[in-house]
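Letter by letter, the chains look like this.
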Amino acid sequence: MLDAPKASLSLRSDDALKLCEYGRIEYWDARYMTLPNSYDWYMNYKQPGQKTTALRNLILKFCAKDGLTLILGSGNSSLPGDMYLDGYSNIRNVDFSRVVIDQMKRKYCKMKSLEWTQADVCDMPFEDCSFDCAIDKGT
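Overview of the structure. What you see is a predicted model, and the numbers here were worked out from it, not measured in a lab. (Residues numbered from 1 in each chain as written. Predicted model: local features only at pLDDT ≥ 70, side-chain atom pairs only at ≥ 80, totals over all residues. Heavy atoms only, no water.)

### Description of the overall build of the protein
And then number 1: Within the protein one finds 5 helices and 4 strands.
And then number 2: When its helices and strands are written in sequence order, the protein yields α-α-α-β-α-β-α-β-β.
And then number 3: The 139 residues of the protein split such that 35% are buried.
And then number 4: Long-range contacts, defined as pairs at least 24 residues apart, comprise 59% of the intrachain contacts of the protein with a sequence gap of at least 6.
And then number 5: Working note: accessible area of the protein is about 9,400 Å², and carbon and sulfur atoms make up 55% of it. (Helix = DSSP H or I, 4+ residues; strand = E, 2+ residues; numbered from the N terminus. Buried < 20%, exposed > 50% of the residue type's maximum accessible area, 1.4 Å probe, protein only. Contact = heavy atoms within 4.5 Å. Areas by Shrake-Rupley, 256 points an atom, 1.4 Å probe, with all protein chains shown as cover.)

### Considering the packing of aromatic side chains
And then number 1: Under the counting rule described, the total for this entry stands at 8 aromatic pairs.
And then number 2: Residues Trp28 and Trp41 carry aromatic rings whose centres are separated by 6.4 Å and whose planes lie at 70 degrees to one another, so their mutual orientation is edge-to-face. On the criterion of sequence distance, the pair formed by Trp28 in helix H2 (residues 25-34) and Trp41 in the loop between H2 and helix H3 (54-62) is long-range, its members being 13 residues apart.
And then number 3: Judged by its relative accessible area of 33%, Trp41 falls in the partly exposed class.
And then number 4: Look at Phe126 and Phe131: their rings are 5.0 Å apart centre to centre, the planes differ by 85 degrees, and that puts the pair in the edge-to-face class.
And then number 5: Sitting over the ring of Tyr39, Arg31 keeps its end group 5.6 Å from the ring centre. (Phe/Tyr/Trp six-rings, centres within 6.5 Å; stacked < 30°, edge-to-face > 60°. Lys NZ or Arg CZ within 6 Å of the ring centre and 35° of its normal.)

### So, a nonpolar patch on the surface
And then number 1: Together, Tyr39, Trp41, Tyr42 and Met43 line one region of the surface with nonpolar side chains, adding up to about 470 Å² of accessible area.
And then number 2: Within the fold, Met43 resides in the loop between H2 and H3.
And then number 3: Classification of Met43 as partly exposed rests on a relative accessible area of 40%. (Patch = residues over 30% accessible without salt bridge, like charges linked within 9 Å, V, L, I, M, F, W, Y side chains within 5 Å. Salt bridge = Lys/Arg side-chain N within 4 Å of Asp/Glu carboxyl O.)

### Quick look at the nonpolar core
Nonpolar side chains tend to gather and get buried jointly when the protein is soluble and globular.
And then number 1: With 22 residues, the main nonpolar core has Ile59, Leu79, Met83, Tyr88 and Ile135 as its most contacted residues.
And then number 2: The element that contributes the greatest number of residues to this core is helix H5 (residues 98-107), accounting for 4 residues. (Core = buried A, V, L, I, M, F, W, Y, C linked by side-chain atoms within 4.5 Å.)

### With respect to the sheet that holds strand E4 (residues 133-136)
Adjacent strands of a sheet form backbone hydrogen bonds with each other and so pair up, either parallel or antiparallel.
And then number 1: Spatial ordering of the open sheet is given by E3-E2-E1-E4, a layout of 4 strands whose pairing is parallel. The outermost strands of the open sheet, each flanked by one partner alone, are strand E3 (114-118) and E4. Averaged over all adjacent pairs, the angle separating strand axes in this sheet is 20 degrees, with direction ignored.
And then number 2: The sheet contact formed by strand E1 (residues 69-72) and E4 spans 4 bridges and is parallel. Within E4, the position partnered with Ile71 by the bridge is Ile135.
And then number 3: The strands touched by H5 are strand E2 (91-95) and E3; relative to E3, the strand with the most contacts, the crossing angle is about 165 degrees. (Pairing = 2+ DSSP bridges. Axes fitted to C-alpha atoms, helices over the stretch in contact; angles between N-to-C directions.)

### Some thoughts on the packing of H2 against H5
And then number 1: At a minimum axis distance of 7 Å, the contact between H2 and H5 shows a crossing angle of 40 degrees. The angle between the axes of H2 and H5 places the two elements in the oblique class. Of H5, the residues touching H2 (which contributes Asp29, Tyr32 and Met33) are Arg98, Val99, Val100 and Gln103.
And then number 2: Taken together, the residues of the contact of H2 with H5 sort by class into 4 nonpolar, 1 polar and 2 charged. (Parallel < 35°, antiparallel > 145°, perpendicular 65-115°, else oblique. Nonpolar A, V, L, I, M, F, W, Y, C, P; charged D, E, K, R; others polar.)

Listed below in structure tokens is the structure:
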């Protein structure tokens, strides 16, 4: 019988400490106070010079434009605004950080159908089954 190679995951101690910080509101509040510009983890809904993106195609396929959409861990992503401009009419955004929720409310104040709620995604203030679509890009 052959022995399977052993996988090893080695993190430098400072990397491990940083990962632990991701679960703390204080980390995210400080991050958004010092880095207030939009940042999208992994993928963008729109890319300059491209008609569409893989993320946009997935959202168009699974989320109706007139349905109630929830974006979990919205952060300061451009996703809610891009979806609004693409015809999505009911988007609720949830994030852990009060700082980023307040920033996004100000940034998108003219887009009335975007709503912003500060909450832990593990304990949200919404009724079960109240959304038609939920989007989580990396929470």
